[in-house]
Amino acid sequence: MDNHLQGLRDLVSPDAFPYEEEKWVPADLYELAHMSKLEMAPGFPDEALNALLRAVYRGSRKREQRRFQELKSRHKDVIQDLKRQFDHAGE
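Read on for a plain summary of the structure. Every value quoted in this text rests on a predicted model; they were computed, and no experiment measured them.

### Topic: the overall build of the protein chain
- A count of helices and strands for the protein chain gives four helices and zero strands.
- Tracing the protein chain from N to C terminus, the helices and strands come up as α-α-α-α.
- Sorting the 91 residues of the protein chain into buried and exposed places 11% on the buried side.
- As presented, the protein chain carries roughly 8200 Å² of accessible surface, and 58% of it is formed by carbon and sulfur atoms.

### Things to note about helix α3 (residues 27-40)
- If you check α3, its first and last C-alpha atoms are 20 Å apart, about what 14 residues at 1.5 Å a residue would give, namely 20 Å.
- Inspection of α3 places A33, H34 and K37 among the buried residues, and these make up the whole buried set. All buried residues of α3 lie within an arc of 95 degrees about the axis, which places them on one face of the element. Along α3, exposed side chains directed more than 90 degrees from the buried face belong to D28, L32, M35, L38, E39 and M40.

### Overview of helix α4 (residues 46-89)
- If you look at α4, its biggest bend is around 50 degrees, right at H75.
- When we look at burial in α4, the residues that qualify are L49, N50, L53 and Y57.
- Its buried side turned inward, α4 meets α3.

### With respect to the pattern of salt bridges
- Counted under the stated rule, the structure contains four salt bridges.
- Ionic pairing is found between K37 and D46, a salt bridge with its closest N-O pair at 2.7 Å.
- Across the pair D81 and R84 runs a salt bridge, and its minimum N-O distance is 3.9 Å. Residue D81 and its partner R84 are located together in helix α4, separated by three residues, close to a single helical turn.
- Judged by its relative accessible area of 34%, D81 falls in the partly exposed class.
- A relative accessible area of 46% places R84 in the partly exposed class.
- Overlapping salt bridges, with partners in common, bring together R63, E64 and R67 in one network.

Reading guide: rules and limits
Residues numbered from 1 in each chain as written. Predicted model: local features only at pLDDT ≥ 70, side-chain atom pairs only at ≥ 80, totals over all residues. Heavy atoms only, no water. Helix = DSSP H or I, 4+ residues; strand = E, 2+ residues; numbered from the N terminus. Buried < 20%, exposed > 50% of the residue type's maximum accessible area, 1.4 Å probe, protein only. Areas by Shrake-Rupley, 256 points an atom, 1.4 Å probe, with all protein chains shown as cover. Expected span 1.5 Å × (residues − 1). Arc of directions from axis to C-beta. Bend = angle between axes of the 7 residues up to and from the residue. Contact = heavy atoms within 4.5 Å. Salt bridge = Lys/Arg side-chain N within 4 Å of Asp/Glu carboxyl O.

Structure representation (structure tokens):
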């Protein structure tokens, strides 16, 4: 059973698909961009638009990761204190 669970963990691990993150774009962003392209620039190649979307989203994602790390660092002491209080409440 443990081998089966480890196999599933390996399958869904981000390491299993190292380049997927670089090629993924949220569906709503993708749809909005392609609908706008049809109205405003129907001759613009889909491949070029997809490359642009990936680049924009990659930058946005990196910014969000930095913001999350800053918040996490800022609230680390508070979280640890709450965990201690919770652990002592159960004793």
